[in-house]
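Here is how the chains run, residue by residue.
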Amino acid sequence: VQLQASGGGLVQAGGCLRLSCGGSGGTFSFYTLGWFRQAPGKEREFAALISRSGDTTYYADSVKGRFTISRDNAKSTVYLQMNSLKPEDSAVYYCAAGTGTTITQAMKGGMHYWGEGTQVTVSS
């Protein structure tokens, strides 16, 4: 499956953004989907994960209560609503898809397909 993320941009601290990631070339509902991020000089880190049906979600402690992941399998799209943004949320955000992986493996980046990323910059 091919993934393309969009929706990044520059926002002031306290603001919000919604990222979208469209998929093509595969049956979207087969995949666990996630959002990861990588800030300059840092390793890529897990942000949010959603099960194939969308019933279950997981979040990194750093974003819990501020970010919401959702999916629309009919539109082959996964979203990340980001509220109360902080400067430390600035990073390139990547969407990813995995199948057959455990939640723990997925959170560690054990996904099979990755989008190109979209830049999010939060100014103080």
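Residues numbered from 1 in each chain as written. Predicted model: local features only at pLDDT ≥ 70, side-chain atom pairs only at ≥ 80, totals over all residues. Heavy atoms only, no water.

Undergrad: Explanation requested: the sheet that holds strand β7 (residues 67–72) in the structure shown.
TA: In sheet architecture, strand pairing relies on hydrogen bonds along the backbone and comes in two forms, parallel and antiparallel. On the basis of which strands lie adjacent, the open sheet formed by four strands has the order β1-β3-β8-β7 and antiparallel pairing. Edge positions in the sheet fall to β1 (2–6) and β7, since each has one partner strand and no second. For this sheet, the mean angle separating the axes of adjacent strands, direction not counted, is 15°. As paired strands, β7 and strand β8 (residues 77–82) are joined by six bridges and run antiparallel to one another. Along β8, the bridge assignment pairs D72 with T77. (Pairing = 2+ DSSP bridges. Helix = DSSP H or I, 4+ residues; strand = E, 2+ residues; numbered from the N terminus. Axes fitted to C-alpha atoms, helices over the stretch in contact; angles between N-to-C directions.)

Undergrad: Looking at this structure, I do not really get the pattern of salt bridges. What am I missing?
TA: Any two side chains of opposite charge can pair if their charged atoms end up close together. This structure, assessed with the given rule, holds four salt bridges. Across the pair K64 and D61 runs a salt bridge, and its minimum N-O distance is 3.2 Å. The same class applies to K64 and to D61, which are both exposed. D89 is the salt-bridge partner of R66, the closest N and O atoms lying 2.7 Å from each other. Of this pair, R66 sits in the loop between β6 (57–59) and β7 while D89 sits in the loop between β8 and β9 (91–98), placing them 23 residues apart in sequence. Like D89, R66 is buried. Bridged by salt links that share partners, the residues R37, E45, R66 and D89 form one connected network. (Salt bridge = Lys/Arg side-chain N within 4 Å of Asp/Glu carboxyl O. Buried < 20%, exposed > 50% of the residue type's maximum accessible area, 1.4 Å probe, protein only.)

Undergrad: Would you mind showing me how to read the pairing of strand β5 (residues 45–50) here?
TA: For a regular strand, side chains alternate in direction, first toward one face of the sheet and then toward the other. Within β5, five of the six residues are buried, which leaves it mostly tucked inside the rest of the structure. Both strand β4 (residues 32–38) and β5 contribute to a ladder of five bridges, which runs antiparallel. Looking across to β5, one finds that R37 is bridged to E45. Relative to β6, β5 runs antiparallel, the two being bridged by three bridges. Bridge pairing in β6 places I50 opposite T57. Hairpin connection of β5 to β6: six residues between the antiparallel strands, including G54 at a positive phi of 90°.

Undergrad: In this structure, what is going on with the environment of S51? I would like to understand it.
TA: Relative to the helices and strands, S51 is located in the loop between β5 and β6. Note on S51: relative accessible area 16%, which makes it buried. C-alpha of S51 to C-alpha of M111: the two residues are 60 residues apart in sequence and 13 Å apart in space. Once you skip the residues sitting within four places of it in the chain, S51 turns out to touch T56 and R71. (Contact = heavy atoms within 4.5 Å.)

Keep in mind these values describe shape, not function.
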